[in-house]
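Chains, contacts and geometry: an overview
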Number of protein chains: 2
Amino acid sequence: MSFQELETILHPRSVAVVGASVNTFSFGYSYAHHLVEYGFKGPIYLVNPNYPEIVGLKTYPSVRDIPGPVDFAISCVNASQVTAMLEDLAEKNVKCVHLYTARFSETGRQDAAELEQTVLTLARRKGIRLIGPNCMGVYYPQMGLSFGFNLPKDSGPAGMISQSGGGASGFVHLASLRGIRFSKVISYGNGLDLTECDYLDYFIQDRETKIVLLYVEGVKDGRRFFDTLSRAARVKPVIVMKGGRGQAGSRMTFSHTASLAGSFPVWEALVKQAGAVSAGDFDELIDLTVAFRFLPQVTGKRVGVIGGGGGPSVIAAEECEESGLEVIPIPQDMRKELKDRGVNIWDWISNPVDLSIVAGSGVTDIDMLHLMGKHPAFDILMANVNEWVFMTLASDERFLGMKNQVKNHISLRDTYPKPFVVIFGERGVITGEQDNWRWKVIAEAREELIGAGMATFPTFRRAAIAVRKVQEYFAGLD
Amino acid sequence: MSFQELETILHPRSVAVVGASVNTFSFGYSYAHHLVEYGFKGPIYLVNPNYPEIVGLKTYPSVRDIPGPVDFAISCVNASQVTAMLEDLAEKNVKCVHLYTARFSETGRQDAAELEQTVLTLARRKGIRLIGPNCMGVYYPQMGLSFGFNLPKDSGPAGMISQSGGGASGFVHLASLRGIRFSKVISYGNGLDLTECDYLDYFIQDRETKIVLLYVEGVKDGRRFFDTLSRAARVKPVIVMKGGRGQAGSRMTFSHTASLAGSFPVWEALVKQAGAVSAGDFDELIDLTVAFRFLPQVTGKRVGVIGGGGGPSVIAAEECEESGLEVIPIPQDMRKELKDRGVNIWDWISNPVDLSIVAGSGVTDIDMLHLMGKHPAFDILMANVNEWVFMTLASDERFLGMKNQVKNHISLRDTYPKPFVVIFGERGVITGEQDNWRWKVIAEAREELIGAGMATFPTFRRAAIAVRKVQEYFAGLD
């Protein structure tokens, strides 16, 4: 399918929700709600014979009663009602139907699989393209399309294609907390008509999308997929996560999206050959997106680290090293500069820089970052905010120093063109902490970093793995 | 050193803080504050010539001015003042000094290393035992001893020995959020006098301690360490985390605690041979503690999983499998039972159980857990609460169902003797969410599970790795 065709589908002038509902438990309610809440600009037609209005909008007893033209329809009806609905929608010249509707081939039942084929044949005959079935459909905040509550209303450069719907909406939510915003996210479930290749082809050309994320459980046409992936990866970073790697996972992909998962080692080799980046789980998919989104090109592996306290510095060093980064010793000329400046720990200080050593020494962690920032021996800088230790500290002064540190980190990032990564712990806040000033200061500091477009990661391990993969990606481009 | 000797040290009748301070930035303030705040029962003597009182307590100009006997002293004075302080404390017949004081051999400087040896020689001559130097000392909530703000005041069965102080206090804080409480935590830094072996020997006999955690960067006497570790691991689970695995990490351990780290593969083999359990990082150390603390004996590897939605179920399956657990297919007799009960997805449902499949099917996820709970094919049960997806859902009814689920999980755990693990996501809450009812419901649900003593983990991957290691531990005991 051409770029222009999908571009038109994603810019409908009007949307119908067939099977809209007053039951707030249902997705027939949710999709109607989102069109209003996310500000869809054109006419919204809700179809339900049992209620005169839903989410404050007039409803129509049937598709045929809709007064104006319909470009895009969201189907929340049961599987058994889909063919009749398609006949009706064809009368309205609808271009595309998103089948939230499930219980087709993924049930493993012959009658359901046959019904799915009937739906496809009918849609093809009527010239209707299908997203799904068995999926969440489209999140395109700029158009006023959403498939989840609590997702950002503003947009950004990440585009996502996801076979899983729940995975996609949870992912968008979690990634948004790390500063990622999305151009478009398409959850496509069983991929009956439009497949991951159609969406990938679209994202290659889509100017709103600078980074492409893909969660896929299985592909129907391997050759076309790797051809499309290779073309995409030449144009922009593509990060691929495969669901269904082992035996149990593969078995599971069938009942989820009727996908046959195939051999994972073969898959990984092909993703690499295509020039794309492979992510092992959703956390890594977010980490890689953060790294591509917020870091400049990563040109080397030698990292200078502010490790926090002593133990955390030891751990930071080995987690960087185990990911293939090089935690180099402090260069001699840098030591000499420290000595010339009368720094009393010039011979003791290491990389990582241990905060309990620099305290009161005549240099601060920020001074050390500046020295490493301007020194050519370091390709990457990393600093640990160490929030878990901060939670056990006492005084306001000591603690509020974290806010200054954050400002300094942002200004440091703006001073040197090197990739600069900040490690900022995450942990489940408990309800009793809502009024704990420590928690608030920590949350505000993290939000300031993220709001300023810093690349932040919850642990050194996760940061190091992502940065190393991004470095390999850029090395592969040469 | 005998159990009784350290037991006496850890039950001082009076404590002195030498170098107590009004500066809330300093640890001279913190240690004084904690003795009051955590309710130390005996006399507290604060030594500082410059202030008449600190944290509401009278201060003494020097150690010699303290009116009563002193059993335990916390040293916050500079390294250069330590020998004079020890002479004074010897006059008071003090049994043990915790040297928070740092800047000894870990600086790598000869004069500092020599001073450290002088301190040791003097302490030995005076019959004073030393904890540290360069460490946080003792957290023993039942005695009113603490080394951090915001740490629990109640105690529990985990005992910890940590060479890193910041690591220890942050660790206690994070572990407490997962329901872990501690008997005693001893941070011992450079281990000049008492070493990890003395503390291990103590924990073997300590009745308050059922699980021993050890963070160590290097040991001075390898033979004694592995002998002590072997004896300890025969008596209770011992979980060991090694700091300083690679090149950069090893280099770093020296400037942190003057430890020579040694070869990591050799280390790991010896830990295993000793019958102890090895943890790769602080997160895994917490996970293993949760598993040993809250699960019954893990007798097999076959796991039944409630995976949440479709994508998360696929991921759950493979993360369990990659950790060496077996995600077995639904047994035929269980399918038959479902069919006999008229469940309309009897032939479709898989392990993991996909919540989007069971919805409206005639069985709930809880029914499926009961079936797996009573079926002998399953050794372990796991259920995913999937909080990240819940954050994007709409209605109160749907969402509040989570609270019922939590109650059901607890009752299910109490019904079947099998290990039952709950996966409950964690993520950084942002300040704007403080009043979001979704966040509150999620936090309350997690706290209810943890409060009920359930084994909860933030991801399937982390749960599966911990459970598998615990299963291997119990298999090794046979």
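No experiment lies behind these values; they were computed from the predicted model shown.

A short note on the overall build of chain A
Secondary structure assignment for chain A yields 18 helices and 18 strands. The dimensions of chain A, computed from C-alpha atoms along their principal axes, are 85 × 50 × 40 Å. Residue burial in chain A is summarised as follows: out of 478 residues, 65% are buried. In chain A, once contacts between residues fewer than 6 apart in sequence are set aside, the share between residues at least 24 apart is 75%. For chain A, the exposed surface amounts to about 16700 Å²; the carbon and sulfur share of it is 51%. Put simply, chain A has 49 plus and 53 minus side-chain charges, and the middle of one group is 3 Å from the middle of the other.

With respect to the environment of Arg 124 of chain A
All names here are of chain A. Residue position: Arg 124 is located in helix H4 (residues 110–126). Residues Arg 124 and Asp 193, 69 residues apart in the sequence, show an inter-C-alpha distance of 8.7 Å. When sequence neighbours within four positions are dropped, the list of residues in contact with Arg 124 reads Leu 192 and Asp 193. At 3.2 Å, the side chain of Arg 124 forms a polar contact with the side chain of Asp 193.

Considerations on helix H11 (residues 310–322) of chain A
Residues and elements named next belong to chain A. For H11, built from 13 residues, the straight-helix expectation of 18 Å at 1.5 Å per residue is met to within 8% by its first-to-last C-alpha distance of 19 Å. Burial within H11 is extensive, with eleven of its 13 residues counted as buried. Directly after H11, the chain includes Gly 324, whose backbone phi takes a positive value near 95°.

What about the nonpolar core?
Judged by nonpolar contacts, the single largest core of 108 residues is most densely connected at Phe 182, Leu 229 and Met 382 of chain B. When neighbours within four sequence positions are excluded, Met 382 of chain B is seen to be in contact with Val 303, Gly 304, Val 305, Ile 306, Cys 320, Leu 325, Phe 420, Val 421, Phe 460, Ala 463, Ala 464 and Val 467 of chain B. Core analysis: the next-biggest nonpolar cluster, separate from the first, contains 107 residues, Phe 203, Val 212, Ala 276 and Leu 325 of chain A among them.

Describing the domain arrangement of chain A
How big an interface is tends to be stated in terms of accessible area lost as the parts join. All names here are of chain A. We note that the domain assignment places domain 1 (3–131), domain 2 (137–293) and domain 3 (296–477) within chain A. Contact with domain 2, which involves 17 residues of that partner, is made by 13 residues of domain 3. Between domain 2 and domain 3, roughly 1300 Å² of surface is buried when both sides are summed, and carbon and sulfur atoms account for 60% of that area. Three residues, Arg 178, Asp 287 and Phe 292, lead the burial of domain 2 against domain 3; their summed loss comes to 38% of the area buried on that side. The tally of links between domain 2 and domain 3 comes to three salt bridges.

Notes on the packing of helix H7 (residues 222–235) of chain B against helix H9 (residues 264–273) of chain B
Residue and element names in this part refer to chain B. At a minimum axis separation of 9 Å, H7 and H9 run at an interaxial angle of 35°. Two secondary-structure elements touch here, H7 through Phe 225, Phe 226 and Leu 229 and H9 through Trp 267, Leu 270 and Val 271. Classifying every residue of the contact of H7 with H9 gives six nonpolar, no polar and no charged.

Quick notes on the interface of chain B and chain A
Across the boundary between the two partners, chain B contributes 96 residues, which contact 97 residues of chain A. A buried area of about 7500 Å², summed over both sides, lies between chain B and chain A, and 56% of it is on carbon and sulfur atoms. Our count for the contact surface shared by chain B and chain A stands at four salt bridges. Among the ionic pairs, Arg 109 of chain A bridges to Asp 347 of chain B, the shortest N-O distance being 2.6 Å. Between the two partners, chain B and chain A, sit 18 residue pairs in polar contact (both at pLDDT 80 or more). A total of eleven residues in the side of chain B that touches chain A trace back to one element, the largest contributor, which is helix H11 (residues 310–322) of chain B.

Regarding the sheet that holds strand E15 (residues 353–354) of chain A
Backbone hydrogen bonds are what pair the strands of a sheet, in a parallel or an antiparallel way. All names here are of chain A. In spatial order, the strands read E15-E14-E16-E17-E18; together these five strands make up an open sheet with parallel pairing. A single partner strand is all that each edge strand has here, and the edge strands are E15 and strand E18 (455–457). Of the strand pairs in this sheet, strand E14 (residues 303–308) and strand E16 (residues 380–384) are connected by four bridges, and their pairing is parallel. Paired with Gly 304 across the strands is Leu 381, a residue of E16. Contacts from helix H18 (residues 460–477) reach E14, E16, strand E17 (420–423) and E18 within the one sheet, and its direction differs from that of E16 by about 165°.

Some remarks on the packing of aromatic side chains
Residue and element names in this part refer to chain A. Scanning the entire structure with this criterion turns up 37 aromatic pairs over all chains. Taking the centre distance of 5.3 Å and the plane angle of 15° together, the rings of Phe 225 and Trp 267 count as stacked. Placement of Phe 225 in helix H7 (residues 222–235) and of Trp 267 in helix H9 (residues 264–273) is noted, with a sequence separation of 42 residues between them. No difference in accessibility class separates Phe 225 from Trp 267, as the two residues are buried.

Definitions and limits used
- Residues numbered from 1 in each chain as written.
- Chains lettered and ligands numbered in written order.
- Predicted model: local features only at pLDDT ≥ 70, side-chain atom pairs only at ≥ 80, totals over all residues.
- Heavy atoms only, no water.
- Helix = DSSP H or I, 4+ residues; strand = E, 2+ residues; numbered from the N terminus.
- Buried < 20%, exposed > 50% of the residue type's maximum accessible area, 1.4 Å probe, protein only.
- Contact = heavy atoms within 4.5 Å.
- Areas by Shrake-Rupley, 256 points an atom, 1.4 Å probe, with all protein chains shown as cover.
- Lys, Arg positive; Asp, Glu negative; His and termini not counted.
- Charge placed at Lys NZ, Arg CZ, Asp CG, Glu CD.
- Polar contact = N/O pair within 3.5 Å; in protein donor to acceptor, adjacent residues only side chain to side chain.
- Expected span 1.5 Å × (residues − 1).
- Core = buried A, V, L, I, M, F, W, Y, C linked by side-chain atoms within 4.5 Å.
- Domains from an automatic or database assignment.
- Buried area = accessible area lost by both parts, 1.4 Å probe.
- Salt bridge = Lys/Arg side-chain N within 4 Å of Asp/Glu carboxyl O.
- Axes fitted to C-alpha atoms, helices over the stretch in contact; angles between N-to-C directions.
- Nonpolar A, V, L, I, M, F, W, Y, C, P; charged D, E, K, R; others polar.
- Pairing = 2+ DSSP bridges.
- Phe/Tyr/Trp six-rings, centres within 6.5 Å; stacked < 30°, edge-to-face > 60°.

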